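Structural description and commentary
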Amino acid sequence: MTITPHGIHHVTAIASDPQSNVDFYTKVLGLRLVKQTVNFDAPHVWHLYYGDEHGSPASILTFFPWPGVTPGREGSGLATATAFSVPPESIGFWHQRALQLGVQVEAPKTTVDSEVLTLFDNDGMRLELVASEGDSRSGWDGVGDIPLQHAVRGLHTVTLSERMLDPTAGMLTELLGMKLSGETSGMASFDMGQGGAGASVQVIGGVQDRGLQAGGTVHHVAFRAPDLATMELWQQELLSRGVSVTQIMDRQYFKSIYFREPGGVLFEIATDDPGFDIDEPLLELGRKLKLPPWLEPSREQIAMSLPRIEV
Ligand code: ZN
């Protein structure tokens, strides 16, 4: 059995103030808030999901906002950059927009493959907008001052920072079916499936200082499984290869398993189905607090303990 995730499913990160998080991702970056729910493992903490209109796999960035959380620090053992795909002619638009809105942003850089704009959210989390040819995904059309032609198309790449590149690269290629697609000194890129936007991982090696996972850093990276039956087989395969993998968790909008890569980054494999319209209509996604059936009995208590947000 070969484990072959066909892309990034979602990235989950830690934020501080939930309102500031909602404002940044919906109003500045123009993503759709597709779900207001709670961390199922700690229901007094929000879990906010952003994505395209449907919350399609490979478009999703999610947050656990935790008011007053210590700021984290980039370093080894963490996913240190989350890149989104934008059309090639849109980098200038996004650079101007970031400057106008007072967002911390660097000057656009041209790499071997593409133009990249680096910016930081209100918690200092590193985001990249990568100019991508041929990304046919449509962005979310719900934000008035972002023309659809410039809208964010979905996730592009996740970058992992590691002390040692080889053990992580080994897991990606030998266990998770990824293909080495590029290598420069101390850095390697890997593709899933057909590769391209939403299906690539970058690993930076030689990062000596250990990262601190806290506010403004990534909590875990999830990869896509087509369905539950496939994921069950992958879970067995991981176990047989000696990887300490969790049981299958019901995340309501997908099913999940978790394990760590050798450098310490928490990986998840999540199913594409059933998706975010399982408990509210597509047109109304993200407007109200949604809870899985097993937390419904505690709704009142949970709602009272959550900091208020306006969307
Ligand atoms: Zn997750």
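The present account deals with the structure reproduced in this document. Bear in mind the structure is a predicted one, so any value in this text is a computation, not a measurement.

Side note on the overall build of the protein chain
Per the secondary structure count, the protein chain includes five helices and 16 strands. Here the C-alpha atoms of the protein chain give a radius of gyration of 18 Å, agreeing with the 19 Å that 2.2 N^0.38 yields for 311 residues. Expressed as lengths along the three principal axes of its C-alpha atoms, the size of the protein chain is roughly 50 × 45 × 35 Å. Counting the 311 residues in the protein chain, one finds 56% classified as buried. The contacts in the protein chain between residues at least 6 apart in sequence include a share of 66% that link residues at least 24 apart. Per element, the accessible surface of the protein chain, about 13500 Å² overall, is 51% carbon and sulfur. Side-chain charges in the protein chain split into 22 positive and 38 negative, and the spacing between the mean points of these groups amounts to 4 Å.

So, the packing of aromatic side chains
Inspection of every chain in the model, using the stated rule, returns twelve aromatic pairs. Look at Tyr50 and Phe63: their rings are 6.1 Å apart centre to centre, the planes differ by 70 degrees, and that puts the pair in the edge-to-face class. Note that Tyr50 is positioned in strand 3 (residues 42-51) and Phe63 in strand 4 (residues 60-65), a separation of 13 residues in sequence. Relative to Phe267, the ring of Phe259 has its centre 6.0 Å away and its plane inclined at 85 degrees; by these criteria the two rings are edge-to-face. Every member of this aromatic cluster is reached through a ring pair, and the members are Phe24, Tyr25, Tyr50 and Phe63.

Let's talk about the sheet that holds strand 8 (residues 126-131)
Within the open sheet, the eight strands sit side by side as 6-7-8-5-9-12-11-10. Their pairing is mixed. Both outer strands of the open sheet, strand 6 (109-110) and strand 10 (179-184), are each paired with one neighbouring strand and no more. Helix 3 (residues 165-175) rests against strand 9 (154-161), strand 10, strand 11 (187-191) and strand 12 (200-204) of the sheet, and its axis sits at about 10 degrees to strand 11.

Focus: the environment of Val105
Checked against the element boundaries, Val105 lands in the loop between helix 2 (91-100) and strand 6. As a C-alpha pair, Val105 and Leu127 span 22 residues in sequence and 9.5 Å in three-dimensional space. Contact partners of Val105, with chain neighbours within four places excluded, come to His95, Ala98, Leu99, Leu117, Thr118 and Leu119.

Re the coordination of the zinc ion
The protein atoms donating to the zinc ion are His10 (NE2), His220 (NE2) and Glu268 (OE), with metal-donor distances spanning 2.0 Å. Of note, the donors binding the zinc ion are all from one chain and are spaced H-x209-H-x47-E. Residue His220 is found in strand 13 (residues 218-225), and its partner Glu268 is found in strand 16 (residues 266-271); the two are separated by 48 residues along the sequence.

Describing the pattern of salt bridges
Within this structure, the stated rule accounts for twelve salt bridges. The partner of Asp279 in a salt bridge is Lys35, with the nearest N and O atoms 2.6 Å apart. One end of the pair, Asp279, is in the loop between strand 16 and helix 5 (299-305); the other, Lys35, is in strand 2 (residues 32-39), with 244 residues separating them in the sequence. By the burial criterion, Asp279 is buried, and Lys35 matches it.

Concerning the pairing of strand 11
Only one face of strand 11 is buried, namely the one carrying Ala188 and Phe190, since none of Met187, Ser189 and Asp191 on the opposite face is buried. Pairing analysis gives five bridges linking strand 10 to strand 11, with the strands arranged antiparallel. Counted as the bridge partner of Leu180 is Phe190 from strand 11. Counting the residues that bridge the hairpin from strand 10 to strand 11 gives two residues, and of these Gly186 lies at a positive phi of roughly 75 degrees. With five bridges joining them, strand 11 and strand 12 adopt antiparallel strand pairing. Bridge pairing in strand 12 places Met187 opposite Ile204.

Let's talk about the nonpolar core
Within the largest apolar cluster, 81 residues are counted, with the highest numbers of intra-cluster contacts made by Tyr25, Leu29 and Phe267. With sequence-adjacent residues up to four places away left out, Leu29 is seen in contact with Phe24, Phe84, Trp94, Leu119, Leu127, Leu129, Ile146 and Val152.

Describing helix 2
All of the buried residues along helix 2 are Ile91, Trp94, His95, Arg97 and Ala98. In an axial view of helix 2, the angular spread of the buried residues amounts to 165 degrees, which keeps them on one side of the axis. Two residues or fewer after helix 2 comes Gly102, characterised by a positive phi angle close to 70 degrees.

Cut-offs and rules
- Residues numbered from 1 in each chain as written.
- Predicted model: local features only at pLDDT ≥ 70, side-chain atom pairs only at ≥ 80, totals over all residues.
- Heavy atoms only, no water.
- Helix = DSSP H or I, 4+ residues; strand = E, 2+ residues; numbered from the N terminus.
- Rg over C-alpha atoms; globule rule 2.2 N^0.38 Å.
- Buried < 20%, exposed > 50% of the residue type's maximum accessible area, 1.4 Å probe, protein only.
- Contact = heavy atoms within 4.5 Å.
- Areas by Shrake-Rupley, 256 points an atom, 1.4 Å probe, with all protein chains shown as cover.
- Lys, Arg positive; Asp, Glu negative; His and termini not counted.
- Charge placed at Lys NZ, Arg CZ, Asp CG, Glu CD.
- Phe/Tyr/Trp six-rings, centres within 6.5 Å; stacked < 30°, edge-to-face > 60°.
- Pairing = 2+ DSSP bridges.
- Axes fitted to C-alpha atoms, helices over the stretch in contact; angles between N-to-C directions.
- Donors = N, O, S within 2.8 Å, 3.2 Å for Na, K, Ca; no water.
- Salt bridge = Lys/Arg side-chain N within 4 Å of Asp/Glu carboxyl O.
- Core = buried A, V, L, I, M, F, W, Y, C linked by side-chain atoms within 4.5 Å.
- Arc of directions from axis to C-beta.

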